[in-house]
Amino acid sequence: MVKNITRNDLINEIKQAIDTGPHPCPSKADGRAGLVLEQLLGIAGGNHALADAVGFELKTSITPSTPVTLFHKEPLPKGSTTMMVNTFGWPATYAKDGVVYPVKSFRATIYGSWKSQHQPVQLDVVATNQKESIMSSGAEVSHWDSNNLVAAASQKLKNMMLVFAKDNGDGTVSFTSANLLENFQPFAFLQAIQEGIIAIEWDARTNPNKTSVRNHGTKFRIRERDLPVIYTHSTPILPSQII
């Protein structure tokens, strides 16, 4: 569910989440803090095209060193991810029901350029006004149309509330502060891809006995410290007791 919420309402609800913690968190999953916050706010999150609350994308940070996933978008042409796995992947294993299967895995986080540790391969991001391309040895292997990419990013990322969380180690999490980032800049976004500030990340593998691949989604990611590059305004949200 996408929740219709005003800017001031969202700030007040985030402050309340910060002030009233710690909050029960039975999950151990990577996105556990986000799940708790969505429950508190009455928002059903996930990787859908719209922002979690109309006009505001909600993100949580429990490990500052982990880049923020902006959104998922598969490259062109169709089937590019399967090609990337088959061409640039490396031998790995996958276990299911006690059986270990040989697979081919491809995991790459490309901040402008990436070199494989498994074979003599380098992939580079080359951006123009028309498209963002992944290149190998001077040849394009996949791409995104710039207009489609900007449309997807603008719809999802118009404004972002980044909420910082702490795992207390006792089955609870606390929300410590937040940062409201406003007025997404599409051209700065494209420039950040070209300059290697925004990463393009693959995480996929072959499926045992199948021609399809297991694809965890091609992601566009950015380090927390670099988020202000693609927004014009940044407003800190602090606990009430220290304001």
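Being a predicted model, the structure only gives us computed values, none of them experimental.

Caption draft 1: Fine view of the overall build of the protein. The secondary structure content of the protein amounts to five helices and 15 strands. Its C-alpha atoms give the protein a radius of gyration of 20 Å, within 12% of the compact-globule value 18 Å for 243 residues. Taking the principal axes of its C-alpha atoms as reference, the protein extends roughly 55 × 50 × 30 Å. Split into buried and exposed, the 243 residues of the protein put 46% on the buried side. When contacts within the protein are restricted to residue pairs at least 6 apart in sequence, long-range pairs at least 24 apart make up 65% of them.

Caption draft 2: Just the side chain of glutamate 201, in detail. Tracing the backbone through its elements, the reader meets glutamate 201 in strand β12 (residues 198–206). Overall, the relative accessible area of 13% leaves glutamate 201 in the buried class. Within the structure, glutamate 201 has its side chain in polar contact with the side chain of threonine 109 (distance 2.7 Å). Of the polar contacts made by the side chain of glutamate 201, one reaches the side chain of arginine 221; its length is 3.2 Å. Setting aside chain neighbours within four positions, we find glutamate 201 in contact with Ala108, Thr109, Gly217, Thr218, Lys219 and Arg221.

Caption draft 3: Representation of the sheet that holds strand β9 (residues 139–145). As summarised here, the arrangement of the four strands in space is β6-β7-β8-β9, forming an open sheet in which the pairing is antiparallel. Looking at strand neighbours, the two that pair on one side only are β6 (113–115) and β9, the edges of this open sheet. Across the sheet, the axes of successive neighbouring strands diverge by a mean angle of 20 degrees, strand direction being ignored. Sheet topology note: the strand β8 (residues 131–136)/β9 ladder contains six bridges and is antiparallel. Pairing of isoleucine 134 across the sheet is with serine 142, part of β9. Of the strands in this sheet, β8 and β9 are in contact with helix α4 (residues 146–157), which crosses β9 at around 45 degrees.

Caption draft 4: Structural detail: the nonpolar core. By size, the foremost hydrophobic cluster in this structure holds 40 residues, and its most contacted members are Leu70, Phe106, Ile134, Phe189, Leu227 and Ile230. Among all residues touching isoleucine 230, those that are not within four sequence positions of it are Leu70, Asn183, Phe184, Gln185, Ala188, Phe189, Ala192, Ile198 and Ile222. Counting residues in each nonpolar core, the second largest holds 22 residues, with Ala17, Val163, Ala178 and Ile237 among its members.

Caption draft 5: Representation of the packing of aromatic side chains in the model. Enumeration over the complete set of coordinates arrives at eleven aromatic pairs. Ring geometry for phenylalanine 106 against tryptophan 114: centres 5.8 Å apart, planes inclined by 85 degrees, an arrangement best described as edge-to-face. As far as the burial class goes, phenylalanine 106 and tryptophan 114 line up, both buried. Each ring, one from phenylalanine 184 and one from phenylalanine 189, has its centre 5.6 Å from the other, and the planes form 55 degrees; the classification is tilted. Taken as a pair, phenylalanine 184 and phenylalanine 189 share a single burial class, namely buried. Following the ring pairs from residue to residue traces out a cluster consisting of Phe71, Phe88, Trp90, Phe106, Trp114, Trp144, Phe184, Phe189, Trp202, Phe220 and Tyr231. Geometry around tyrosine 94 places arginine 205 over its ring, the cationic atom sitting 3.8 Å from the centre. If you follow arginine 223 out to its NZ or CZ, it ends over the ring of tyrosine 111, 4.0 Å from the centre.

Caption draft 6: Local environment of the pattern of salt bridges. The tally for this structure, following the rule as stated, stands at seven salt bridges. For the salt bridge of glutamate 57 with lysine 59, the shortest nitrogen-to-oxygen distance reads 3.5 Å. Since its relative accessible area comes to 2%, glutamate 57 is described here as buried. A salt bridge links arginine 221 to glutamate 201, with the nearest nitrogen and oxygen atoms 3.2 Å apart. In this pair, arginine 221 sits in strand β14 (residues 219–222) while glutamate 201 sits in strand β12, placing the two residues 20 residues apart along the sequence. Under the relative-accessibility criterion, arginine 221 is labelled buried at 13%. A network of salt bridges, in which partner residues are shared, links Glu57, Lys59 and Lys156.

Parameters and conventions
Residues numbered from 1 in each chain as written. Predicted model: local features only at pLDDT ≥ 70, side-chain atom pairs only at ≥ 80, totals over all residues. Heavy atoms only, no water. Helix = DSSP H or I, 4+ residues; strand = E, 2+ residues; numbered from the N terminus. Rg over C-alpha atoms; globule rule 2.2 N^0.38 Å. Buried < 20%, exposed > 50% of the residue type's maximum accessible area, 1.4 Å probe, protein only. Contact = heavy atoms within 4.5 Å. Polar contact = N/O pair within 3.5 Å; in protein donor to acceptor, adjacent residues only side chain to side chain. Pairing = 2+ DSSP bridges. Axes fitted to C-alpha atoms, helices over the stretch in contact; angles between N-to-C directions. Core = buried A, V, L, I, M, F, W, Y, C linked by side-chain atoms within 4.5 Å. Phe/Tyr/Trp six-rings, centres within 6.5 Å; stacked < 30°, edge-to-face > 60°. Lys NZ or Arg CZ within 6 Å of the ring centre and 35° of its normal. Salt bridge = Lys/Arg side-chain N within 4 Å of Asp/Glu carboxyl O.

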